[in-house]
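# Architecture at a glance
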Amino acid sequence: MHRLPTLLCGIFLVFLTSWVGIVAYSALHLGRLAPVANADLGTTLPPVYGGEAVAGEQVYANEGCVSCHSQQVRQTSVTSSDIERGWGSRPSVARDYLRDSTAFLGFRRLGQDLSNVGIRRPDALWHYNHLYAPSSVCEGSVMPSFQHLFSVRKIQGQRSADALMLGSEFPVKPGYEVVPSADAKNLVAYLLSLRHDYPLPEAGPLKDAPATPTH
Amino acid sequence: MSANLFPVHYSEDAQKVEGGTGCVAQGGGIDSLEIDDSLRIPVLALFGNAVHWLIVAALISMVLSLKLVIPDFLGGIGFLNYGRLAPVARDLFLYGWASQLALATGLWLASRLSGRPIGGVIHSTLLICAIVLWNLAVLLGSLAILAGYSTGVEWLEYPNWASGALFVAFLLIALRSLLLFDCRINDRAEVAQWYLVAGFCSFPWVYGTANLLLTWKPVQASAQGPIHAWFSGSFLALWLLPIALAALYALIPRLLGEHLHRRSLAPLGFWSLLMLGGWNGISRLLGGPVPSWMGAAGVVSSVLFLIPVIIIAINIFGISPSSSDDETSIGKSIPERFLFLGAYALVTLGVLMAICGWPSIGGVLGFTGVVEARTQLWLLGAVSFPLFGVLYQAVPHLLGRECWNQAFSELHYWLSLVGFWLLIGMLLLGGLFTGLALNDPTISFLNITSYDFPFHVMEWVAQLILLAAAIMLGFNLTRALAVEQLFPKR
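Residues numbered from 1 in each chain as written. Chains lettered and ligands numbered in written order. Predicted model: local features only at pLDDT ≥ 70, side-chain atom pairs only at ≥ 80, totals over all residues.

### Re the overall build of chain B
What counts, and what does not: Under the DSSP-based scheme used, a helix requires at least four consecutive residues in state H or I and a strand at least two consecutive residues in state E, with every element numbered from the N terminus. Restricting the calculation to C-alpha atoms gives the radius of gyration, and the globule rule supplies 2.2 Å times the number of residues raised to the power 0.38. For the exposure call, what matters is how many other C-beta atoms sit within 10 Å of a residue's own: 20 or more marks it buried, 12 or fewer exposed, and in between partly exposed, using C-beta atoms placed from the backbone. Working definition of a contact: two residues with C-beta atoms, positioned from the backbone, lying within 7 Å.
The helix and strand tally for chain B stands at 14 helices and 0 strands. Mapped from its N terminus to its C terminus, chain B presents α and β elements in the order α-α-α-α-α-α-α-α-α-α-α-α-α-α. On C-alpha atoms alone, chain B measures out to a radius of gyration of 22 Å, which is about the 23 Å that the 2.2 N^0.38 rule sets for 490 residues. In terms of principal-axis extent, the alpha carbons of chain B reach across some 70 × 45 × 45 Å. A buried classification covers 58% of the 490 residues belonging to chain B. Long-range contacts, defined as pairs at least 24 residues apart, comprise 83% of the intrachain contacts of chain B with a sequence gap of at least 6.

### Considerations on the overall build of chain A
When helices and strands are counted, chain A shows 7 helices and 4 strands. Projected onto its principal axes, the C-alpha coordinates of chain A cover approximately 75 × 50 × 30 Å. Here chain A holds 215 residues, and 45% of them are scored as buried. Residue pairs in contact within chain A that sit at least 24 positions apart in sequence constitute 71% of those at least 6 positions apart.

### Observations regarding the packing of helix H10 (residues 334-357) of chain B against helix H12 (residues 369-399) of chain B
All names here are of chain B. Cut-off, in case you're wondering: An axis is simply a line fitted to the C-alpha atoms; with a helix, the fit covers only the stretch in contact. Between two such axes, the angle follows the N-to-C directions and lies from 0 to 180 degrees. The labels follow the angle: roughly parallel below 35 degrees, roughly antiparallel above 145, roughly perpendicular from 65 to 115, and oblique for the rest. Here is the rule for handedness: rotate from the far helix to the near one, and if that takes an anticlockwise turn smaller than a right angle the crossing is left-handed, while a clockwise turn gives right-handed. Polar here means any residue outside two lists: the nonpolar Ala, Val, Leu, Ile, Met, Phe, Trp, Tyr, Cys and Pro, and the charged Asp, Glu, Lys and Arg; Gly therefore counts as polar.
Viewed as axis vectors pointing N to C, H10 and H12 meet at an angle of 160 degrees, and their least axial separation amounts to 8 Å. Between H10 and H12, the crossing angle belongs to the class labelled roughly antiparallel. Two packed elements cross with a definite hand, and for H10 against H12 that hand is left-handed. Classifying every residue of the contact of H10 with H12 gives 19 nonpolar, 5 polar and 1 charged.

### A closer look at the interface of chain B and chain A
At the interface, 71 residues of chain B touch 64 residues of chain A. Of the residues belonging to the side of chain B that touches chain A, the class tally is 40 nonpolar, 23 polar and 8 charged.

### Let's talk about the environment of Ser135 of chain A
Within the secondary structure layout, Ser135 of chain A lies in helix H6 (residues 134-137). Residues Ser135 of chain A and Val23 of chain A lie 112 residues apart in sequence; the distance between their C-alpha atoms is 42 Å.

### Quick look at helix H3 (residues 121-146) of chain B
Residues and elements named next belong to chain B. Under the convention used in this document: To estimate how far a helix should reach, multiply one less than its number of residues by 1.5 Å.
In this model, H3 (26 residues) spans 37 Å end to end at C-alpha, consistent with the 38 Å of a helix rising 1.5 Å per residue. Residues of H3 that are buried include every one of Leu127, Ala130, Ile131, Trp134, Asn135, Ala137, Val138, Gly141, Ser142 and Ile145, and no others. The elements touched by buried residues of H3 are helix H1 (32-69), helix H2 (82-114) and helix H4 (160-182). Two residues or fewer after H3 comes Gly148, characterised by a positive phi angle close to 95 degrees.

### Things to note about unusual backbone geometry
Here Leu45 of chain A and Pro46 of chain A are connected by a cis peptide whose omega angle stands at 0 degrees. Inspection of the secondary structure puts Pro46 of chain A in the loop between strand E2 (43-45) and helix H2 (51-62). At Trp155 of chain B, a position not held by glycine, the phi torsion is positive, near 75 degrees. Relative to the helices and strands, Trp155 of chain B resides in the loop between H3 and H4. For Arg262 of chain B, which is not a glycine, the phi torsion comes out positive at approximately 50 degrees. Positionally, Arg262 of chain B belongs in the loop between helix H6 (224-256) and helix H7 (266-277). According to the C-beta neighbour criterion, Arg262 of chain B is partly exposed, with 14 such atoms within 10 Å.

### Let's talk about the environment of Leu133 of chain B
Residue and element names in this part refer to chain B. With respect to the helices and strands, the residue Leu133 is situated in helix H3. Judged by local crowding, Leu133 falls into the partly exposed class, with 17 C-beta atoms found within 10 Å. It is 23 Å that separates the C-alpha atoms of Leu133 and Arg84, two residues lying 49 residues apart in sequence.

### Quick look at helix H7 (residues 182-193) of chain A
One turn of the α-helix equals 3.6 residues, which is why residues spaced by three or four share an orientation. Residues and elements named next belong to chain A. Taking 1.5 Å of rise per residue, 12 residues should cover 16 Å, and H7 covers 16 Å from first to last C-alpha, within 8% of that figure. Counting buried residues in H7 gives 10 out of 12 residues, a clear majority hidden from the surface. Looking at the buried positions of H7, the neighbouring elements they touch are H2, helix H4 (117-120), helix H5 (124-132), strand E3 (150-154) and strand E4 (176-180).

### Considering the confidence of the model for chain B
Detailed reading of the predicted coordinates is not advisable wherever pLDDT falls low. All names here are of chain B. The criterion, for reference: Along the chain, pLDDT gives the predictor's confidence residue by residue, from 0 to 100.
Taken residue by residue, chain B gives an average pLDDT of 88. The fraction at 70 or more is 91%. Low pLDDT, under 50, characterises residues 16-29; the stretch is placed with 28 contacts to residues that sit more than four places away or in other chains. Scored as a complex, the prediction yields pTM 0.92 and ipTM 0.93.

### Some remarks on the environment of Phe170 of chain B
Residue and element names in this part refer to chain B. With respect to the element layout, Phe170 can be found in helix H4. On the basis of neighbour counts, which here come to 23 C-beta atoms within 10 Å, the residue Phe170 falls in the buried class. Along the primary structure Phe170 and Pro204 are separated by 34 residues, whereas in three dimensions their C-alpha atoms are 7.7 Å apart. Not counting the four nearest positions on each side in its chain, Phe170 is found in contact with Phe203 and Pro204.

And the structure:
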């Protein structure tokens, strides 16, 4: 251990154990998982999602949503609370993330888990209101407002179909409306696409669909 | 300032000393002035930049804590949103502060322990270029995140051009430090020197692999979870911690004028740390979407991590100050206190990791403040405190004069100590409450958020104290550098 080459060789070999065990194994094995065909549904799983949702995933990354939200339902052998809380009908498995470009597993739950937010909250308008003024639909939420993903504009003729319906505690100038930007629409399309309620061979049986959403 | 901190005939091991002269009794180091001259500009540049990033990171962390108390604070402004500021604070702390200070520490210790200067004009120029490149990457990368160009991968949020620049800048600085090991004057390498080599080797490996597979050319997302967990564990345990440990092993025995306690255990501590450091990151995937053996490996490595921690504790805490020293001076100097604070944080971390590694406990505490407490014990505690010690020890050597204002140093120490333990305590308590509540599905999520509120308030207070500490250090360092001319005649 007193000569550089000897020390470097030792360090190299020791580092190699975790590198081969975790990195190489994951890249070669988990990285080569493929979608599975499901005869009952006549499709391959996990389902592919549309262009808006793909663009929305980038917005999710850029806005740093992963700082507060996880996207994983943990195995019942470790904790059953994720499923009991209605965050999913089965634990997440590696194959669930095939369609993503980044796996947003998360590390802190300052907000709720979002693996199945598309099932719990299927209404796009609810998400627009929630993103613009979280406390308008979720009293006591610590989520910040994402007003910068919306624009306030003058109503030209008729109100836009996607204009937000805000309560009196969020006043908008008369004659003006709040409309989501393309980023907000993509983000919401992505959130609505987050639903892992399909069967996978390795994932175990599905529990009943999540109960009525709780905040 | 001790002029003979790095004597020529130093031995860490009591048995190896011939003539029974002890370890700090042997006059000044070889070419001591030449070494300090060659190190002065690059190391001070790294120190200065690191400290100003620390202040910015502490400021943003304080704002983030406040945002959890008052969600509308600075609301509605895209680049000041929680999701954009949080990665900036994390990365500034990681790359602007901790890694940069680790580079400075590595360079300083590598040169001083080897007894060799870092070389002539070419080497210095190359180092300065690397330092400029590193800081530009940190600055522009952080601005890119604020502007909405984050990759969304925790700790690797910088866009590809910035992470590439960090990688190149690191290689330029690390290569010089590695080569110093080979031309050292001591035949028998010190424990600190092994740790330096290990740290400098691991950064390119860990950072390069993670960036390549997660951001530069991402692998299929199904494989990203374990790779990212490996990266986050290895970055702390194989890059930052070894450099901090090098500081503990090199400076504590010298400052106390004694030898390492049970040095024969040190190789076991070294190799077990390197072996387990790569594995313990996956403990965060407990119950996650990975093969179950990975979860089990995470549990085993988290518990076994106690082995290197205990050995390090024996080596460091076992040192009893030599009786010949002036009793009143022992345990009083600022560097020494910071170094010991780091060692205490490391022991706390080892215990916490072993407890949280246990599946039934980890399942309850996962995703709560306890996870954040663990990260802070690593970054603020086990890494930053020893590096603070180095900073306080090295600057007077480099300037060739006493330069610290004792009152500011004291204030920095006490604010850091109080802020740190308050933050850890509140995160642990808050995490425990939230974890237990999350485990009870009858309690609504919003209710749990309200449980967390008082802890968020106290975390904000702690962050405010830590910000004050960082400002105090910045003020002290600026004063030290500016009070007299930078290059005193000696």
